[in-house]
Number of protein chains: 2
Amino acid sequence: MENRFLPSTENKILAAAKKVFIHKGWSGARMHEIAEEAKINKSLLHYYFRTKEKLFEAVFKYAFNKFVPSIKEALNSDKSLFEKIELIADQYISVLIKNQFIPLFVLHEINRNPERLYELMQQAGVRPEEFFEQIQQEMRKEKIKNIDPRQLIINLLALCVFPIAAKPLLQRVFFENDKRQYRQFLEARKKEIPAFIINSIKSG
Amino acid sequence: MENRFLPSTENKILAAAKKVFIHKGWSGARMHEIAEEAKINKSLLHYYFRTKEKLFEAVFKYAFNKFVPSIKEALNSDKSLFEKIELIADQYISVLIKNQFIPLFVLHEINRNPERLYELMQQAGVRPEEFFEQIQQEMRKEKIKNIDPRQLIINLLALCVFPIAAKPLLQRVFFENDKRQYRQFLEARKKEIPAFIINSIKSG
DNA sequence: GTCTATATTGTGATAGAC
DNA sequence: GTCTATCACAATATAGAC
């Protein structure tokens, strides 16, 4: 019977692979570095996952699934448009703060293999088209300015993702490399972003 | 006397290196691929640039200098805050549309070597702190809402950069992979982004 | 399941002829 | 300046003992 407290070799590999792939990307990651990080033998990587490609696949799905629950939850709730915007910004930023290297990692994959990522989204049941529809309905109901829902969704994503993806430079330029201050800055954005978007819509 | 119409070997290498490095990143780029792209012998890469590192350096400076003139021009002009926001969005998006792979490339470098990038900015005379000051002055003068200038600058950058960095997926999800439509969408953002930001400030 | 040893191929870089 | 040949080493992957 397997020990439920000590991590299995497979889990140690996965944890190490996450760390290395997410920090260094597909081509920057080295199998020997992952083995070192996991404190196991290099050969075991191949025993458990056969190839680098398959190991990467597993890690990518892990990273991808970090988002899915919070995003789906927000989209499927029966809240108003403005409440959903607040919910998404809050949850998205929370996840990203805890997983700072995911944005760049995902952006890289978006450019390397967009079609597979799109399929993953479909399989996971993430359908921005539904949010799209909801925005249009809400705009008619609330008699607010008729903006392109795509612009709104992409603005929301941009405002959440970019400050994490570009963090090392932004932190250096605007906060003299003070990690704590930047963290507070990101926390503040949980409220700033929805306010920013909603204000803009209202004054249309 | 050298022919001013046919590209020199050095320029052919630089053009090819731009293409490969910008698409594949530092660790994904292969010297033999650059040579192939330039239709020259692999050894010539080392003859002209000695190492992969030095060749990358040259390419990065090229990419970096794509932004500097337009940004500096916008920041140094004696226009009002709102006019500057309009100018920056317009010029930034124009440059990015023509150089679609630069955002990811720069984001990757931001995470790989932020300190060197910061130094490059300093040398190039790009000082966001000055824009920072100007926002605060303008806010007092125009009696507009007192928001954190850093939030404003980062919002502006995010809204310009993200739609290009994540283009392959966004184009797929929201525009059924129609390149022309996505191009129009980006063009529209030249006006949408400043309107978005300015509306938000006004309704504070 | 885990290890050592090794095969195999890829990749940056150099030497030296022309 | 350009080419061919080759080095040195790094990286993924496999074979086979235990």
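Note that the coordinates shown come from a computational prediction; the quantities given were computed from them, not determined experimentally.

Visitor: A description of the protein's contact with DNA strand D should follow, citing residues and the corresponding values.
Guide: Not every one of the 15 residues close to DNA strand D is listed here, only the nearest: A:Arg30, A:Lys52, B:Asn41, B:Ser43 and B:Tyr48. Within 4 Å of the protein, the contacting atoms of DNA strand D are 62% sugar and phosphate, with bases supplying the remainder. In this structure, a phosphate oxygen belonging to DNA strand D sits 3.2 Å away from a side-chain N or O atom of B:Asn41. B:Ser43 places a side-chain nitrogen or oxygen 2.8 Å from a base oxygen of DNA strand D. Of all the secondary-structure elements, those providing two or more residues to the surface near DNA strand D are α2 (31-38) and α3 (42-49) of chain A together with α3 (42-49) of chain B. Sort the elements by how many residues they give to the surface near DNA strand D and α3(B) lands first, with four residues. The residue makeup of the surface near DNA strand D, split by class, is five nonpolar, seven polar and three charged.

Visitor: Account for the environment of B:Phe82, with residues named and values stated.
Guide: All names here are of chain B. With respect to the helices and strands, Phe 82 occurs in helix α5 (residues 81-98). Accessibility expressed as a relative area gives 22% for Phe 82, which makes it partly exposed. On a C-alpha basis, the gap between Phe 82 and Ala 195 in space is 9.3 Å, while along the polypeptide they are 113 residues apart. When residues no more than four places from it in sequence are discounted, the contact partners of Phe 82 are Ile 144, Ile 198, Ile 201 and Lys 202.

Visitor: Outline the relation of the copies chain A and chain B, listing residues and values.
Guide: Its rotation angle being 180°, the transformation that places chain A on chain B also includes 0.0 Å of axial translation and leaves an RMSD of 0.2 Å. Here the two chains are linked by the operation of a two-fold rotation axis. Relative to the rotation axis, the closest C-alpha in chain A is found at A:Ser200, a distance of 2.0 Å. The fraction of interface residues of chain A whose copies in chain B are also interface residues reaches 100%, indicating that both copies meet through the same surface.

Visitor: Summarise a negative patch on the surface; cite the residues concerned and give the values.
Guide: A cluster of acidic residues, A:Glu129, A:Glu130, A:Glu133 and B:Glu176, forms a negative patch on the protein surface. Along the chain, B:Glu176 falls in the loop between α10 (167-175) and α11 (179-202).

Visitor: How would you summarise the interface of chain A and chain B if you had to cite specific residues and measurements?
Guide: Facing 50 residues of chain A, the contacting portion of chain B comprises 50 residues. Between chain A and chain B the total buried area reaches about 4800 Å² when both faces are included, carbon and sulfur atoms providing 70% of it. Inspection of the chain A/chain B interface yields two salt bridges. Residues A:Glu115 and B:Arg172 are paired through a salt bridge, measuring 3.2 Å at the closest nitrogen-oxygen approach. For the pair chain A and chain B, the interface holds 15 residue pairs in polar contact (both at pLDDT 80 or more). The biggest single contributor to the side of chain A that touches chain B is helix α9 (residues 149-165) of chain A, with twelve residues. Tallied by class, residues from the side of chain A that touches chain B come to 30 nonpolar, twelve polar and eight charged.

Visitor: Mind laying out a nonpolar patch on the surface, listing which residues take part and the relevant values?
Guide: A contiguous nonpolar surface patch, about 320 Å² in accessible area, is contributed by B:Leu44, B:Tyr47 and B:Tyr48. Topologically, B:Tyr48 is positioned in helix α3.

Visitor: Give me the lowdown on the protein's contact with DNA strand C, citing residues and values where you can.
Guide: Taken together, 16 residues lie around DNA strand C, and A:Asn41, A:Ser43, A:Tyr48, B:Arg30 and B:Lys52 are the ones closest in. Looking at DNA strand C alone, sugar and phosphate atoms form 63% of those within 4 Å of the protein. The separation between a base oxygen of DNA strand C and a polar side-chain atom of A:Ser43 is 2.8 Å. In the model, a phosphate oxygen of DNA strand C is placed 2.7 Å from a nitrogen or oxygen of the B:Lys52 main chain. When residues of the surface near DNA strand C are traced back to their parent elements, those giving at least two are α3 of chain A together with α2 (31-38) and α3 of chain B.

Calculation rules
- Once a new chain begins, its residue numbering starts again from 1 and follows that chain's sequence as written.
- By the order in which they are written, chains take letters starting at A while ligands take numbers starting at 1.
- Where totals are concerned, whole chains, interfaces and linings use all residues; where local detail is concerned, this predicted model gives features only for residues with pLDDT of at least 70, and gives and counts side-chain atom pairs only at 80 or more.
- With hydrogens and water excluded, all non-hydrogen atoms of the structure serve as input to the side-chain values.
- Think of it this way: one heavy atom of a residue within 4 Å of a molecule or strand is enough to make that residue near it.
- Identification of polar contacts relies on pairs of N or O atoms within 3.5 Å, with a donor-acceptor requirement for protein atoms, meaning one able to donate a hydrogen and the other able to accept it, and with residues adjacent in sequence counted only if both atoms are side-chain atoms.
- Numbering of helices and strands runs from the N terminus, with a helix taken as a DSSP run of H or I at least four residues long and a strand as a DSSP run of E at least two residues long.
- Three classes are used, and their members are as follows: Ala, Val, Leu, Ile, Met, Phe, Trp, Tyr, Cys and Pro are nonpolar, Asp, Glu, Lys and Arg are charged, and the others, Gly among them, are polar.
- Three labels apply to residues, based on accessible area from a 1.4 Å probe with only protein chains included: buried if under 20% of the type maximum, exposed if over 50%, partly exposed otherwise in between.
- What makes two residues a contact is simply this: any of their non-hydrogen atoms within 4.5 Å.
- We superpose the copies by least squares over the C-alpha atoms of residues that have a pLDDT of at least 70 in both of them.
- Candidate patch residues must exceed 30% relative accessible area and have no salt bridge, after which like charges are joined if within 9 Å and Val, Leu, Ile, Met, Phe, Trp or Tyr side chains if within 5 Å.
- What sets the accessible areas is the Shrake-Rupley method with a 1.4 Å probe; for residues, cover comes only from the shown protein chains.
- Salt bridge, as applied in this entry: a Lys or Arg side-chain nitrogen positioned within 4 Å of an Asp or Glu carboxyl oxygen.
- Think of it this way: Lys and Arg go in the positive column, Asp and Glu in the negative one, and His and the chain ends go nowhere.
- Think of each charge as sitting on NZ of Lys, CZ of Arg, CG of Asp or CD of Glu.
- Summed over both partners, the accessible surface that disappears when two parts come together, traced with a 1.4 Å probe, is what is meant by buried area.

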